[in-house]
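Chain residues, written in single-letter form:
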Amino acid sequence: MSNTKEPDLQALIRELLVGLGEDPARQGLLRTPERVAGAFRFLTSGYKLSLEQVVGQGVFEEDHEEMILVRDIELYSLCEHHLLPFYGRAHVAYIPNGRLLGLSKVPRLVEVFARRLQIQERLTDQIADAVMEVLQPQGVGVVIDAAHLCMMMRGVEKQNSRTVTSAVRGVFREDPRTRTEFLQLVHGHRAPE
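Read on for an overview of the structure.

How each quantity is defined
- Residues numbered from 1 in each chain as written.
- Predicted model: local features only at pLDDT ≥ 70, side-chain atom pairs only at ≥ 80, totals over all residues.
- Heavy atoms only, no water.
- Helix = DSSP H or I, 4+ residues; strand = E, 2+ residues; numbered from the N terminus.
- Buried < 20%, exposed > 50% of the residue type's maximum accessible area, 1.4 Å probe, protein only.
- Contact = heavy atoms within 4.5 Å.
- Areas by Shrake-Rupley, 256 points an atom, 1.4 Å probe, with all protein chains shown as cover.
- Lys, Arg positive; Asp, Glu negative; His and termini not counted.
- Charge placed at Lys NZ, Arg CZ, Asp CG, Glu CD.
- Pairing = 2+ DSSP bridges.
- Axes fitted to C-alpha atoms, helices over the stretch in contact; angles between N-to-C directions.
- Disulfide = S-S within 2.5 Å.
- Parallel < 35°, antiparallel > 145°, perpendicular 65-115°, else oblique.
- Left-handed = near helix turned anticlockwise from the far one by under 90°.
- Nonpolar A, V, L, I, M, F, W, Y, C, P; charged D, E, K, R; others polar.
- Polar contact = N/O pair within 3.5 Å; in protein donor to acceptor, adjacent residues only side chain to side chain.
- Expected span 1.5 Å × (residues − 1).
- Arc of directions from axis to C-beta.
- Salt bridge = Lys/Arg side-chain N within 4 Å of Asp/Glu carboxyl O.

Things to note about the overall build of the protein
- Across its full length, the protein carries 8 helices and 7 strands.
- Considering only C-alpha atoms, the protein reaches an extent of 60 × 40 × 25 Å along its principal axes.
- By residue count, 41% of the 193 residues in the protein fall in the buried class.
- Sequence-distant contacts, at least 24 apart, represent 70% of the contacts inside the protein between residues at least 6 apart.
- When the accessible surface of the protein is totalled, it reaches about 11000 Å², and 54% of it is carbon and sulfur.
- Seen as two clouds, the 23 positive and the 26 negative side-chain charges of the protein have centres 5 Å apart.

Digging into the sheet that holds strand 3 (residues 85-95)
- The mixed open sheet is built from 5 strands, whose spatial order is 5-2-3-6-7. A single partner strand is all that each edge strand has here, and the edge strands are strand 5 (117-118) and strand 7 (163-170).
- Pairing of strand 6 (residues 139-148) with strand 7, which is carried by 8 bridges, proceeds in the antiparallel orientation. In the sheet register, Ile144 faces strand 7, and the bridge partner there is Thr165.
- Across the sheet, helix 5 (residues 120-135) touches strand 2 (68-79), strand 3, strand 5, strand 6 and strand 7, and the angle it forms with strand 6 is around 155°.

Some remarks on the state of the cysteines
- What the rule picks out here adds up to 0 disulfides.
- Here Cys79 is not cross-linked by a disulfide; its sulfur's nearest cysteine counterpart is in Cys150, at 4.1 Å.
- What makes Cys150 buried here is its relative accessible area of 11%.

Section: the packing of helix 4 (residues 105-114) against helix 5
- Two elements in contact, helix 4 and helix 5, have axes whose closest approach is 10 Å; the angle formed by their N-to-C orientations is 135°. In terms of axis orientation, helix 4 runs oblique to helix 5. With respect to the hand of their crossing, helix 4 and helix 5 are arranged in right-handed fashion. Contacts between helix 4 and helix 5 involve Leu109, Val110, Phe113 and Ala114 from the former and Leu123, Gln126, Ile127, Ala130 and Val131 from the latter.
- The residue makeup of the contact of helix 4 with helix 5, split by class, is 8 nonpolar, 1 polar and no charged.

Some details on the environment of Thr165
- Within the element layout of this structure, Thr165 appears in strand 7.
- The exposure class assigned to Thr165 is buried, which follows from its relative accessible area of 11%.
- Those residues within four positions of Thr165 in sequence are excluded, and the remaining contacts are Gln120, Glu121, Thr124, Val142, Val143 and Ile144.
- Polar side-chain contacts of Thr165 include one of 3.1 Å to the side chain of Gln120.

Quick word on helix 5
- For helix 5, with 16 residues, the first-to-last C-alpha span of 23 Å sits near the 22 Å given by 1.5 Å per residue.
- All of the buried residues along helix 5 are Gln120, Leu123, Thr124, Ile127, Ala128, Ala130, Val131, Val134 and Leu135. What you see down the axis of helix 5 is that its buried residues fit within an arc of 155°, all on one side.
- Looking at the residues trailing helix 5, positive phi occurs at Gln136, about 50°.

As for the pattern of salt bridges
- If you walk through the whole model with that rule in mind, you get 8 salt bridges.
- A salt bridge links Arg71 to Asp72; the nearest nitrogen and oxygen atoms lie 3.3 Å apart.
- Residue class for Arg71 comes out partly exposed when judged on its relative accessible area of 28%.
- Three or more residues are tied together by salt bridges with common partners; here these are Asp125, Asp129 and Arg169.

See the structure below:
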């Protein structure tokens, strides 16, 4: 969202506060519209970035042909249905086809799509498709394991529930051995939560 929209966004947040039965002129809420507008701009900043901007010069020619996995990438996103956060970890693997992606670019790809209003299923697919587009690898595998506050704080109120989604492309879909290796690596030793 551009800065020209910020005053409109702040006005909407003031209206929301009134709709909730609050007084936006109350001392504790005076700067809330400004803070919330800033938070939403940050949490949806992925709309402002293109795949090309995120990857930049991060693609390298290399003959490596074995699986590369970046595991336990923290992610934070907003559920598009309730505007409540979901958070978890992404695991992204690919088998190169003459080109490698700089390791720091993989978490950046995750973040650019997570910083949009999302559903986890689409987010998983977008990450896999982005790696396919950028590298044209032999295949890609993505697993996301996340907790959704829309399920934890409201609705069914199940605090310990997790949602796991996967997307596989190329040899990860076609070759069961590759898919099994990927899943074993993902579910191996995990970073502490």
